[in-house]
Amino acid sequence: LVLFISMLFLTLLLLFLALFPGAFNCCTKVSDEIPKGILRRVERFEIQKADGLCHLEAVILYIEDRKFCVSPRIRKVKKWMKKNKHKIPRKKTHGRKQRRTKIIKKKEKKQ
């Protein structure tokens, strides 16, 4: 019986991980302050929305294989994102945008 329960738990855990791969990649806390100099070192960023699996709005900043979760309401971060949105690669968070890009490319090839 113990073996059956542990196998069932393991199966359910693997199923959950397969269905929701980003479930453990969400920011659970955000900082309301950001130290000087951090924004200059950002290599890429993501915007986490408060829908789906992640229940908290955040801007995820990646610096040297580390991630920092900051509030999207910080004035300094908003200004920085607006200024640098074309300079720093932003990971696409939604598949819909990627599909639209592919459709546009296919239409261009046909013409």
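Right, let's walk through the structure included here. (Residues numbered from 1 in each chain as written. Predicted model: local features only at pLDDT ≥ 70, side-chain atom pairs only at ≥ 80, totals over all residues. Heavy atoms only, no water.)

**So, the sheet that holds strand β2 (residues 58-63)**
Okay, so step 1: Spatially, 3 strands are ordered β1-β2-β3 in an open sheet, and the strand pairing comes out antiparallel. Two strands in the sheet have a free side with no partner beyond their single neighbour: β1 (44-48) and β3 (66-70). With direction set aside, neighbouring strand axes in the sheet form an average angle of 25°. (Pairing = 2+ DSSP bridges. Helix = DSSP H or I, 4+ residues; strand = E, 2+ residues; numbered from the N terminus. Axes fitted to C-alpha atoms, helices over the stretch in contact; angles between N-to-C directions.)

**A closer look at the nonpolar core**
Okay, so step 1: Of all hydrophobic cores here, the largest spans 13 residues; its most connected members are Ile34, Val59, Leu61, Val70, Val77 and Trp80.
Okay, so step 2: Taken together, the elements giving at least two residues each to this core come down to β2 and α2 (75-84).
Okay, so step 3: Counting 5 residues, the second-largest nonpolar core is a separate cluster that includes Cys27, Ala58, Ile60 and Tyr62. (Core = buried A, V, L, I, M, F, W, Y, C linked by side-chain atoms within 4.5 Å. Buried < 20%, exposed > 50% of the residue type's maximum accessible area, 1.4 Å probe, protein only.)

**Re the state of the cysteines**
Okay, so step 1: Taken as a whole and assessed by the stated rule, the structure comprises 2 disulfides.
Okay, so step 2: Residue pairing for Cys26: its cysteine sulfur links by disulfide to Cys54, the two sulfurs lying 1.9 Å apart. Linking Cys26 and Cys54, the disulfide has an S-S dihedral of approximately -70° and is accordingly described as left-handed. Here Cys54 lies in the loop between β1 and β2 and Cys26 lies in the loop between α1 (2-19) and β1, a separation of 28 residues in the sequence. Grouping residues by exposure puts Cys26 and Cys54 together as buried.
Okay, so step 3: Disulfide partner of Cys27: Cys69, at an S-S distance of 1.9 Å. Its S-S torsion of approximately -70° makes the covalent link between Cys27 and Cys69 left-handed. A residue pair is termed long-range when its members are at least 10 positions apart, and Cys27 in the loop between α1 and β1 and Cys69 in strand β3 qualify at 42 residues. A single burial state applies to Cys27 and to Cys69, both of which are buried. (Disulfide = S-S within 2.5 Å.)

**What to know about the packing of aromatic side chains**
Okay, so step 1: A full pass over the atoms with the stated rule returns 1 aromatic pair.
Okay, so step 2: Ring plane angle 70° and centroid distance 5.6 Å describe the contact between Phe45 and Trp80, whose orientation is recorded as edge-to-face. With a gap of 35 residues between them, Phe45 in strand β1 and Trp80 in helix α2 connect regions that are remote in the sequence. This pair shows no difference in class: Phe45 is buried, exactly as Trp80 is.
Okay, so step 3: A cation sits over an aromatic face here: Arg44 above Tyr62, 3.8 Å from the ring centre. (Phe/Tyr/Trp six-rings, centres within 6.5 Å; stacked < 30°, edge-to-face > 60°. Lys NZ or Arg CZ within 6 Å of the ring centre and 35° of its normal.)

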